[in-house]
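These are the residues of each chain, in order.
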Amino acid sequence: MTVALSAKEIATKLEGQFPGSIIESNQNNLVVKSESLLEVATFLKTTPGLDFDYLTSITAVDYYDYFEVVYHLTSIKHNHSLVVKTRCYDRDNPSVPSVVSLWRGADFQEREIYDLMGISFDGHPNLKRIFLWEGFQGHPLRKDYL
Amino acid sequence: MAIKTEPFVINIGPVHPSTHGVFRMRATLDGEVVIDLELVIGYLHRGIEKLAEGRTYTQNIPFTDRLDYLASMSNNLAYVMAVEKLAGISVPERAEYLRVIMAELQRIASHLIGVGAFLNDCGAFMTPFLYMFREREKILDLFEMVCGQRLTYNYMRIGGVSHDIPEEFLPALDKFVRQMPGFIDEYDQLLAENEILLARAKGVGILPKELAINISASGPVLRGSSVKWDIRKADPYSVYDRFQFDIPIGSVGDCYDRYWVKIQEMRQSVRIIKQAMEQLPSGEVLTEVPHLLHPPVGEVYGHIEAPKGELGFYLVSDNSVAPYRFHVRAPTLINLTALRDMMIGWKVADAIIIFGSIDICLAEVDR
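Residues numbered from 1 in each chain as written. Chains lettered and ligands numbered in written order. Predicted model: local features only at pLDDT ≥ 70, side-chain atom pairs only at ≥ 80, totals over all residues.

1. Details of the overall build of chain B
A tally of regular secondary structure across chain B gives 15 helices and 8 strands. Expected size for 367 residues packed as a compact globule is a radius of gyration near 21 Å; at 21 Å, chain B falls within 12% of this value. The principal-axis extents of the C-alpha atoms in chain B amount to approximately 80 × 45 × 35 Å. Across chain B, the fraction of contacts at a sequence separation of at least 24, relative to all contacts at a separation of at least 6, is 70%. (Helix = DSSP H or I, 4+ residues; strand = E, 2+ residues; numbered from the N terminus. Rg over C-alpha atoms; globule rule 2.2 N^0.38 Å. Contact = placed C-beta atoms within 7 Å.)

This is the structure in structure tokens:
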């Protein structure tokens, strides 16, 4: 059985390592400041005992006030999982750091979010639309797109 | 004096028999060797994730049929399980067993197409493909018995399955599980040691273990690269923890391993179906669920081991009758991330086989 690690405990650990990086946390997930995302992700991937070597899925949700990018991480080595989130409040130019340098499986998924939700990923090697054509106006998965 | 050469760009697809749908590979060639590759997808994008936000939870089940249409039962299952997790609905035991039987039959049917199409790409034109269709036909007949459909089943319901099985189903299923191992032996006899298949698939398109994990590959692609990871074992759902079965894994991660894993998984699926038939309890197949279900505010990620990899649904509820967000973790889209690494350095003829060995369904890639 894949054990869902307590996000609260991990958040305490992360807060000790990177002060000010966690916005909030509960039992199921933790929200990281987008500026600290990359160092937190590196920590989660490389720390022995955590070893989140497998990025299951990335997706984004539009909550009007902010966009939330959701990372589902799994460790194949230890068979446990964690949900990490980050937010961006800027509706006109939302951006979060790309994690392609850590998990290459993020490549197409980040492009998908960029295409449909309009969030750009800093440091992505090839950030362009994936499903819709170049020149398409708007980002359909946003709640204000009709 | 050396002859001046320059790289040459060729578009394979979007309409090309080897692309299994509308998919374009923009390959840069040096002579016959692929030196760069760009994937162009989206030709079949229907915006299912957006459409689903405007329909009720139940109305979305038919949409999932239209993701990977070669494995509609598995898509149904993944979605309804995610909704049940979100709303805290329990499922009658008989329905759980029926779900497992359908999901495993679907795995066999999907792998038959996957292997058949792969051999088609290898140059065994249509013969193995039609052998595989012979058995798939029997599975479709079984599905037709339970739900009246042969491709888009819409069989699973939130809280169970739509109908109990008719009385002629179990004898027909019994006949099928007795025949199927013989058919798989037949494929092995014709293919496993086939010199042409070995020459074309062994050592071609290797995906190393570390890269397979890093690239978030799943399903036969991941297991072909000798990673023992199957959601049915790693995170058992439904009643999978009650069955004995093995996870076949490949050795080096070449095209042959991915083919071999699929063949072995069919044997394991037959094993699971046999056990499920023996244990099948009697009783209800559907719990009562409100007609307009509105789950509590929250979010859920539910995943299953679909034939082509880890299929996940991420749902966010705002306590209304429609999901606030409906995201599909499409296994084949993510498996395609590995394609460029696997293909570079191989000739065009090999590139076709490497692509075929991933076994994708464009309806799921593009959604």
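2. What to know about the interface of chain B and chain A
In many reports, interface size means the accessible area that the parts give up when they come together. Across the contact, 28 residues belong to chain B and 24 residues belong to chain A. Going through the elements one at a time, helix H1 (48–52), helix H8 (209–214), strand E7 (309–317), strand E8 (325–329) and helix H12 (331–335) of chain B are the ones with two or more residues in the side of chain B that touches chain A. By residue number, the principal contributor to the side of chain B that touches chain A is E7 of chain B, which donates 4 residues.

3. Focus: the environment of Glu 32 of chain B
All names here are of chain B. You can see Glu 32 is positioned in the loop between strand E2 (24–30) and strand E3 (33–40). For the pair Glu 32 and Arg 200, spaced 168 residues apart in sequence, the C-alpha separation works out to 16 Å. Excluding its chain neighbours within four sequence positions, the residues that come into contact with Glu 32 are Lys 347 and Val 348.

4. Looking at the sheet that holds E7 of chain B
Residues and elements named next belong to chain B. A sheet is described by the order of its strands in space; here 3 strands give the open sequence E6-E7-E8, paired in antiparallel fashion. Either end of the sheet is taken by a strand with one partner, and the two such strands are strand E6 (298–306) and E8. Each strand of the sheet is rotated relative to its neighbour by a mean of 10°, with strand direction disregarded. Pairing geometry for E6 and E7, over 9 bridges, is antiparallel. Each residue of the ladder has a partner; that of Tyr 301, found in E7, is Tyr 314. Packing of helix H3 (residues 72–87) onto the sheet brings it into contact with E6 and E7, and relative to E6 it is tilted by some 150°. (Pairing = 2+ DSSP bridges. Axes fitted to C-alpha atoms, helices over the stretch in contact; angles between N-to-C directions.)

5. Here's the deal with the confidence of the model for chain B
Of the residues in chain B, 100% reach a pLDDT of 70 or more, and the chain-wide mean stands at 89. Complex prediction metrics read pTM 0.90 and ipTM 0.90. (pLDDT = per-residue confidence, 0-100.)

6. Regarding the sheet that holds strand E1 (residues 8–12) of chain B
Residues and elements named next belong to chain B. Across the sheet, which stays open at both edges, the 3 strands sit in the order E1-E2-E3 with antiparallel pairing between neighbours. Edge positions in the sheet fall to E1 and E3, since each has one partner strand and no second. When the angles between neighbouring strand axes are averaged without regard to direction, this sheet yields 25°. Relative to E3, E2 runs antiparallel, the two being bridged by 7 bridges.

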